[in-house]
Amino acid sequence: MRNRLRRLVLGATALFTAASALPAAAAPSQGRAEQHPSRDGLSAVIRYTEYGIPHILAKNYADLGFGTGWAQAADEVCTLADGFVTLRGERSRYFGAGTAADGALSGARTNLASDVYFRGIRESRTVEKALAQPAPAGPSRETRGMMRGWAAGYNAWLKKNKTTDPACAGASWVRPVTELDVAARGLAIASIAGEGRFVDTITTARPPTGPTTARSGTSAPRASAKSVAKAADDLWGDPGMGSNAVAFRGDTTANGRGLLLGNPHYPWAGGRRFWQSQQTIPGELNVSGGSLLGTPAISIGFNAHVAWSHTVSTGIPANFHRLTLDPADPTTYLVDGEPERMRKRTVTVAVKDGAPVTRTQWWTRYGPVVTSLSPQVPLPWTSTTAYALYDPNASNLRFSDTSLGFGKARSTDEVRASLARHQGIPWVNTIAADRAGHSLYTQSQVLPRITDGLAERCSTELGRTTYPASGIAILDGSRGDCALGGDPDAVVPGIFGPARMPTLENAPYVENSNGTAWMTNADRPITGYERVFGTVGTQLGLRTRGGIEDVAAMADKGRLTVRDLQRQQFANRVPAGDLAAEDVARACVALPGGRATGKDGTPVDVSDACGVLRAWDRTMDTGSRGALLFDRFWRRLEQAVPPEQLWKVPFSAADPVRTPNTLNTDAPGLAAALADTVTELRTAGIALDAPLGAHQFVVRDGERLPVPGGAGQLGVWNVIQPTWDAAGGGYTEVPFGSSHLQAVGWDGGGCPVARTLLTYSQSSNPKSPHFADQTRLFSGEKWVASRFCEKDILSSPKLKVVRVHERG
């Protein structure tokens, strides 16, 4: 049987043998292949190995997109279809106007706000305009082929298969898609950290219709630096996206070749899930990794020569312009004294069981009019002043081309070359390693070209507070000399060129845990970049501190292998515990009578907590006793005690990894935090020394699976972020955390040495055999050995070969 199956594979791949025998430069012209599809239309061969991971083999980019769209639909049709309803502006039609929106593609709170925004995008032909841009400003022919093929593959799967996922089986909103829909999804993902965050205020901004209050004028209400910094954390410190990644240089490894560990933190359900595959066009492309759902290219991955991952950056991807309005017309603004009328976008949204709703948005040369930076920082539209948002990623369709460049790269230099050519990375850093032993960190992302000099010269009164505090620029939009301009090496105007990007090459290690570029390597700080990229010399988060401590120690130890990366991923060390748990235990023992007073004034016997905290192993392993107690205490302590009062030894820029330290056990609020934590757990019926895995879990196929890891605010590398439900008696199922893990290196052979893990598994369909298989591995801290080379794919005991085609 095994021999027959192998013969089937060889027969199915015969079409590709001639091309794969040629070097890349001599492979058949991709352009000719795209123009002359086979008589069956688009087609691909999909070889499935363990855990339902598809290895997609195709003759050209359109066929590769076809196979990818087909395979994604097979695993995630309901999630994908739900996203396309969002992009068409039809959520209110199918699910009701007031229902909570799909949070995967924007920050809209309701379906109505989401629909008004996305229908406005559709009706203004924003996506068509982005597609029409010639490469590299717009997508290449290869990427267009992949998008077209992806849509055809998704549609072919719908036509030829019955949907079994109960989330959308038989639903009328599961419909065929077009290349335009695929491109719209890419644009939404690119702008989710900019325009996407402001959908509610974009869709509700209205010009004043009567006399304005005394607050009207040329400036918004004054905001304190503290409130602005909090607003920035709320906006761009999104808990829905995060990551760790580290690359090691060859002289720290056992064989002189590079190593990379990638650990992105994303939602476990919905449209921001990753999906695993290998994509191969013989002689042209051979890459494996994770794609964001609905996108045709590998987002995070590796090939035979290089591996890369991304981490959400500290760069501020949008800025604001204060408009000076014509006193006679609040929808006309002045630039250098010349009037410009705002563009009115009026859209009508169909509503389930109700009359259609018509809403208007207002757009300017800078972007849409908005009326708040956050609930704490309003930006009122008065008779004389309004504010517009500028997001350069709102027209950025270059992410797939940048990723394709990574997939073809043979070195970290070629990763940088793809970043420089396409400039399509919207809101993340890139960390990479290669088989020659090089390491790379770069914050090469699409940011508005806000220089410190421009901010100094053109900031409004409010902007002079927001920019230093948070990197959020608010510029005077009435002055033409305050335009963003362009760098000579930038692919489009209004953004920074590659030469401006914070970058560190070939350090012994480069590490990022969503902190500033400054501390990518503690011995080689990066400085000299503009404030919009992030800060220099400021306090680090505990996850960054813990990550640098861990990877610096690994680099010093040397002789590293992929196995060391695997151990780091599941070390589950708690830096906050190392810094504070012993001091908390001592303070607990010192409490008179073992009692502390809760926030409500109730005395609580906390004596049992003292020994639990002292005995705790300082990890977030599933069997760790005391981990849950410290987790709940630390969250409450950070809310109760101001940061400047939490530590006895303050932060020092001269020692950023080890400061601040020494818990201030005399801080008001510490004893109350301990009392309230003990009360919370006892009320929920949870023992103070309960093992973490008994209460941090997911349920799959009726089985309760313990989940290792902990909150980023504790400093844990392996981030897992459950939600506390007091009424439900503890944590809900894990909704967010570590997602597509990859530990990659190389040996003397032609195949990368890679271990991967998709924590929430390949399919969200509960009837799929790949709904929970990798989640069980994650629960047990186990990995998947990657099958990259042909010999490894063909030797898989789970090998299943499917030839998919458009017609017939």
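Below, the structure is looked at part by part. (Residues numbered from 1 in each chain as written. Predicted model: local features only at pLDDT ≥ 70, side-chain atom pairs only at ≥ 80, totals over all residues. Heavy atoms only, no water.)

**Brief notes about the pairing of strand S28 (residues 703-706)**
Next, step 1: Two elements, strand S27 (residues 697-700) and S28, share four bridges in a ladder whose sense is antiparallel. Looking across to S28, one finds that phenylalanine 697 is bridged to proline 706.
Next, step 2: Hairpin connection, S27 to S28: the antiparallel pair is bridged by two residues, and aspartate 701 has positive phi, about 55 degrees. (Pairing = 2+ DSSP bridges. Helix = DSSP H or I, 4+ residues; strand = E, 2+ residues; numbered from the N terminus.)

**As for the packing of helix H8 (residues 141-160) against helix H9 (residues 179-190)**
Next, step 1: Where H8 meets H9, the closest approach of the two axes is 8 Å, and the angle between their N-to-C directions is 115 degrees. Accordingly, the angle class assigned to the pair H8 and H9 is roughly perpendicular. Note on packing geometry: the crossing formed by H8 with H9 is right-handed. For the pair H8 and H9, the contacting residues are Arg144, Met147, Arg148, Trp150 and Ala151 in the first and Glu179, Val182 and Ala183 in the second.
Next, step 2: Looking at side-chain class alone, the contact of H8 with H9 contains five nonpolar, no polar and three charged residues. (Axes fitted to C-alpha atoms, helices over the stretch in contact; angles between N-to-C directions. Parallel < 35°, antiparallel > 145°, perpendicular 65-115°, else oblique. Left-handed = near helix turned anticlockwise from the far one by under 90°. Contact = heavy atoms within 4.5 Å. Nonpolar A, V, L, I, M, F, W, Y, C, P; charged D, E, K, R; others polar.)

**Considering the nonpolar core**
Next, step 1: In terms of nonpolar packing, the biggest core is built from 169 residues, with Tyr154, Phe248, Phe320, Trp427 and Ile450 touching the most fellow members.
Next, step 2: For this core, the element with the most residues is helix H4 (residues 61-87), which contributes 14 residues.
Next, step 3: Excluding residues within four positions of it along the chain, tryptophan 427 makes contact with Ile189, Ala190, Ile192, Ala193, Met241, Tyr266, Thr311, Val312, Ser313 and Gln445.
Next, step 4: Val574, Val584, Ala585 and Ala596 belong to the second largest nonpolar core, which has 45 residues in total. (Core = buried A, V, L, I, M, F, W, Y, C linked by side-chain atoms within 4.5 Å. Buried < 20%, exposed > 50% of the residue type's maximum accessible area, 1.4 Å probe, protein only.)

**Some remarks on the side chain of histidine 310**
Next, step 1: With respect to the secondary-structure elements, histidine 310 resides in strand S8 (residues 306-312).
Next, step 2: A polar contact of 3.2 Å, which involves the side chain of histidine 310, links it to the side chain of threonine 430.
Next, step 3: Look past the residues within four positions of histidine 310 in its chain and what remains in contact with it is Ser243, Ser299, Ile300, Phe406, Ile425, Val428, Asn429 and Thr430. (Polar contact = N/O pair within 3.5 Å; in protein donor to acceptor, adjacent residues only side chain to side chain.)

**Side note on unusual backbone geometry**
Trans peptide bonds make up the majority, and among non-glycine residues the majority have a negative phi.
Next, step 1: Cis geometry is adopted by the peptide bond preceding proline 136, which originates at alanine 135 and carries an omega value of 5 degrees.
Next, step 2: By the secondary structure assignment, proline 136 is in the loop between helix H7 (126-132) and H8.
Next, step 3: Omega for the peptide link from threonine 659 to proline 660 comes to 0 degrees, which places this bond in the cis form.
Next, step 4: Within the secondary structure layout, proline 660 lies in the loop between strand S25 (647-649) and strand S26 (661-663).

**A few points about empty space enclosed by the protein**
Next, step 1: Taken as a whole and assessed by the stated rule, the structure comprises eight cavities of 30 Å³ or more.
Next, step 2: Estimated volume of the largest cavity: approximately 160 Å³.
Next, step 3: Every residue lining the largest cavity is counted, 19 residues in all, and those nearest its centre are Gly186, Leu187, Leu397, Phe399 and Ser400.
Next, step 4: Looking at the lining of the largest cavity, the elements with two or more residues in it are H8, H9 and helix H12 (399-408).
Next, step 5: Looking at the lining of the largest cavity element by element, the count peaks at six residues for H9. (1 Å grid on protein atoms, 1.4 Å probe; cavity = no way out; pocket = protein on both sides within 12 Å on 5 of 7 lines; lining within 4 Å. Points joined across faces, edges and corners; volume = space filled by probe spheres on them.)

**A word on the packing of aromatic side chains**
Geometry of an aromatic ring pair is reported as the spacing of the ring centres plus the angle between the planes.
Next, step 1: With the rule as written, the count across this model stands at 23 aromatic pairs.
Next, step 2: Summarising the aromatic geometry, the rings of tyrosine 529 and phenylalanine 533 are spaced 6.5 Å apart at their centres and angled 70 degrees between planes, so their arrangement reads as edge-to-face. Each member of the pair tyrosine 529 and phenylalanine 533 is classed as buried.
Next, step 3: Considering the side-chain rings of phenylalanine 630 and phenylalanine 633, the 6.2 Å spacing of their centres and the 55 degrees angle between planes classify their relative orientation as tilted. Here the residue phenylalanine 630 and the residue phenylalanine 633 both occupy positions in helix H20 (residues 627-640), the gap between them amounting to three residues, near one helical turn.
Next, step 4: Owing to a relative accessible area of 0%, phenylalanine 633 belongs among the buried residues under this scheme.
Next, step 5: One aromatic cluster is present, built from ring pairs that chain together Trp268, Phe570, Tyr760, Phe778 and Trp783.
Next, step 6: Stacked on the ring of tryptophan 363, the Lys or Arg arginine 345 has its end atom at 3.6 Å from the ring centre. (Phe/Tyr/Trp six-rings, centres within 6.5 Å; stacked < 30°, edge-to-face > 60°. Lys NZ or Arg CZ within 6 Å of the ring centre and 35° of its normal.)

**Some words on H9**
Next, step 1: With 12 residues, H9 extends 17 Å between its outermost C-alpha atoms, agreeing within 8% with the 16 Å of an ideal straight helix rising 1.5 Å per residue.
Next, step 2: Burial analysis of H9 places 11 of its 12 residues in the buried class, which makes it a mostly covered element.
Next, step 3: Listing the buried residues of H9 in full gives Glu179, Leu180, Asp181, Val182, Ala183, Ala184, Arg185, Leu187, Ala188, Ile189 and Ala190.
Next, step 4: In the core, the buried residues of H9 are packed alongside H4, helix H6 (111-123), H7, H8 and strand S6 (285-292). (Expected span 1.5 Å × (residues − 1).)

**Focus on the sheet that holds strand S5 (residues 274-281)**
Pairing between the strands of a sheet is mediated by backbone hydrogen bonds and can be parallel or antiparallel.
Next, step 1: Judged by pairing direction, the sheet is mixed, and its 10 strands sit side by side in the order S21-S19-S18-S8-S7-S6-S5-S2-S1-S35 without closing on themselves. Sheet topology places strand S21 (503-505) and strand S35 (800-805) at the edges, where each strand pairs with a single neighbour. Within the sheet, the average angular offset between the axes of one strand and its neighbour, ignoring direction, is 20 degrees.

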